[in-house]
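# Coordinates in review
Chain by chain, the residues run as shown.
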Amino acid sequence: MKMPPQSRAAVGVLLVGLTFLLYHYVFVVRKEGQQYKLHDYKDVGNNCTQQHTVTQPSGPSLKRILLVTYGRSGSTFTSYILKETPGTFFFFEPLRPLLVKNTGGVGTIMSYEALGGRYWPVQEVAVSQLTGYEQKAVTLLDQLFRCDIGNFPVTDYLSTHFLLHGNVSKVTQCLQPMVKAEGYLNLSHYLQCLLDFWASCQAATTRLFKLIRLPARALSPLLQKHADLRVVYLARDPRAILSSQRALFGAAPRAKDFCRMVEDDAAHIRLLQETFPGRVVALRYEDVASDPLIYTRRLYSALQLPLTSDVESKVRKMTSGGGRNSSSSSSNEGAYSIFRSDPRKSSSAWRTKISFSSVREDDGVCVGAYQWLGYREALNESVLRDLGQSLTAPFGRLGFL
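Keep in mind that this is a model prediction, so the values were computed, not measured. (Residues numbered from 1 in each chain as written. Predicted model: local features only at pLDDT ≥ 70, side-chain atom pairs only at ≥ 80, totals over all residues. Heavy atoms only, no water.)

Secondary structure summary: the protein chain contains 17 helices and seven strands in total. Counting every position in the protein chain, which comprises 401 residues, the buried fraction comes to 54%. The long-range share in the protein chain, meaning contacts at least 24 apart out of those at least 6 apart in sequence, stands at 75%. For the protein chain, the accessible area works out to roughly 18,200 Å², and carbon and sulfur atoms hold 52% of it. (Helix = DSSP H or I, 4+ residues; strand = E, 2+ residues; numbered from the N terminus. Buried < 20%, exposed > 50% of the residue type's maximum accessible area, 1.4 Å probe, protein only. Contact = heavy atoms within 4.5 Å. Areas by Shrake-Rupley, 256 points an atom, 1.4 Å probe, with all protein chains shown as cover.)

Of all five residues in strand S7 (residues 280-284), five are buried; the element is thus mostly enclosed. Neither face of S7 is exposed, since Val280, Ala282 and Arg284 on one face and Val281 and Leu283 on the opposite face are all buried. Here strand S6 (residues 229-235) pairs with S7 via five bridges, running parallel. Bridge pairing links Tyr233 to Ala282 in S7. (Pairing = 2+ DSSP bridges.)

Compared with an ideal rise of 1.5 Å per residue, which puts 12 residues at 16 Å, helix H12 (residues 292-303) spans 16 Å between its outermost C-alpha atoms and is within 8% of the ideal. The complete set of buried residues in H12 reads Pro292, Leu293, Tyr295, Thr296, Leu299, Tyr300 and Leu303. The buried residues of H12 occupy an angular sector of 160° when the element is viewed end-on, so they sit on one face. Just beyond H12, the residue with positive phi is Gln304, at close to 55°. (Expected span 1.5 Å × (residues − 1). Arc of directions from axis to C-beta.)

Before going further, it helps to spend a moment on the state of the cysteines. Overall, the coordinates contain three disulfides when judged by the stated rule. Between the sulfur of Cys259 and that of Cys366 lies a disulfide, 2.0 Å long from S to S. Negative torsions about the S-S bond denote left-handed disulfides, and the value of about 85° found for Cys259 with Cys366 makes this one right-handed. Residue Cys259 is found in helix H10 (residues 255-275), and its partner Cys366 is found in helix H16 (residues 356-373); the two are separated by 107 residues along the sequence. (Disulfide = S-S within 2.5 Å.)

This next bit is on the nonpolar core. Counting 76 residues, the largest nonpolar core has Leu66 and Leu219 as its most contacted members. If we ignore the near neighbours within four places in the chain, the residues touching Leu219 are Leu66, Val68, Leu214, Val231, Ile269 and Leu272. Membership of the second largest hydrophobic core comes to 24 residues, among which are Phe77, Tyr285, Leu305 and Val311. (Core = buried A, V, L, I, M, F, W, Y, C linked by side-chain atoms within 4.5 Å.)

Next up on the list: the sheet that holds strand S5 (residues 206-211). If you walk across this open sheet you meet the five strands as S3-S5-S2-S6-S7, and the pairing is parallel. In this open sheet, the two edge strands, each paired with only one partner strand, are strand S3 (88-92) and S7. Going across the sheet, the axis of each strand differs from the next one's by a mean of 20°, ignoring polarity. Sitting on the sheet, H12 touches strand S2 (63-68), S6 and S7, and the angle it makes with S7 is about 170°. (Axes fitted to C-alpha atoms, helices over the stretch in contact; angles between N-to-C directions.)

When the charged atoms of two side chains lie near each other, side chains of opposite charge can form a pair. Taken as a whole, this structure holds 21 salt bridges when the rule is applied. For the salt bridge of Asp363 with Arg239, the shortest nitrogen-to-oxygen distance reads 2.9 Å. Of this pair, Asp363 sits in helix H16 while Arg239 sits in helix H9 (residues 238-249), placing them 124 residues apart in sequence. Note on accessibility: Asp363 and Arg239 belong to one class, buried. Connected via shared salt-bridge partners are Asp237, Arg239, Arg360, Asp363 and Glu377. (Salt bridge = Lys/Arg side-chain N within 4 Å of Asp/Glu carboxyl O.)

For the rest of this paragraph, the subject is the pairing of S6. For S6, the buried fraction is high: seven of the seven residues fall into the buried class. By the alternation rule, side chains of S6 split into Leu229, Val231, Tyr233 and Ala235 and Arg230, Val232 and Leu234, which are all buried. Looking at chain direction, S2 and S6 are connected through five bridges and run parallel. In the sheet register, Leu67 faces S6, and the bridge partner there is Val232.

Do not read the fine detail of predicted coordinates wherever pLDDT is low. Averaged over all residues, the pLDDT of the protein chain equals 82, while 78% of them reach at least 70. Averaged over each element, pLDDT in the protein chain is lowest for strand S1 (residues 37-38) (34) and highest for S6 (98). Overall, residues 26-53 carries pLDDT values under 50, and its contacts beyond four positions in sequence, including any with other chains, amount to 56 contacts. Taken together, the stretch residues 325-333 has pLDDT below 50 and engages in 13 contacts with residues farther than four places along the chain or on a different chain. (pLDDT = per-residue confidence, 0-100.)

Along the chain, Thr69 falls in the loop between S2 and helix H2 (75-83). A polar atom in the side chain of Thr69 sits 2.7 Å from the side chain of Ser73. Discounting residues that sit within four places of it in the chain, Thr69 has contacts with Ser75, Leu211, Ile212 and Leu234. (Polar contact = N/O pair within 3.5 Å; in protein donor to acceptor, adjacent residues only side chain to side chain.)

A few words now on the environment of Pro86. With respect to the element layout, Pro86 can be found in the loop between H2 and S3. In sequence terms Pro86 and Val311 are 225 residues apart; their C-alpha atoms lie 8.5 Å from each other. Here Pro86 is in contact with Thr205, Pro306, Thr308 and Val311, once residues within four sequence places are set aside.

A few words on helix H13 (residues 309-318). For H13, the full list of buried residues reads Val311, Glu312, Val315 and Met318. What you see down the axis of H13 is that its buried residues fit within an arc of 120°, all on one side. Along its buried surface, H13 packs onto H2 and H12.

In structure tokens, the structure reads:
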């Protein structure tokens, strides 16, 4: 009896997937050297042994979305609004391991010069003009856009950084029990975990990537290559970002360096909006926090995503105090929580904690960034502390939703 065409196609896709996973083991896992040895486990894990029939979306049905921003910008909150799209595969901060390797352990871009870069006049940047890190990042993202996870090392999957968010957390959870204290690797379990991950990516109709470690100048090659790619640039008041990074990371870029990067990013986002009409949108976290449901609708419309009643219900839950562990507001609304009973108040809380002298120092070197993004200087301390006085301006040089 002949196998139906759809079944033959599914088997073909799975065979291709298994071939690339074996390649991944031989050329990526083995390359990592003596960290892992093979060991034949009898139990490969019930949660990683499901069989998959993969239907690969193509053409207009497939959307790729990059959320590009900075650490402590409200990016996790915004990405969780987007990931509620039915059929979404969500990859949380895939560039972090790459940046850490390229900076000797630093997980934040402290300055563009620290990446080995220089500021060119604002223009469409060729790959050859990008730093080594940016070129590697573009290559990795291009591979992940196509669900090619063959060059993403197993040590990256095992990072605790990936345990909490998105589809990558599932492969991390699947892989972690596999590696015993003495460093043995169960190959069949390893391949099954990655096959599950790959199949989820292949079957998704939307592939969403949240990035806080990619300068906007590096986006042009990706937009040129992938016609279905959409970029969301998320901005936030630089004073809020720097204040939060100083408090939570223990270090932050100098305000002068950070705001110079923001100016360059905003100028390139504006150029990309002109070069790729309708494919690059910008929004401010303060605007999203002021009315999450309205801005969810605007964002979904701009990205041509299906806005269902279930999506709206989840956004309401995230912003009404009815989320995870709602009985414990202190733990529920921690620094990394996506649940905010009052998003507008949370987005401005930095203004009650930061010193006025720090704000004035930031204001002195960030005026250019404020002009692009639409923020006002805090001319005196009473303006800073009065949350009824907005520090956002109606318009900046960069157009927002």
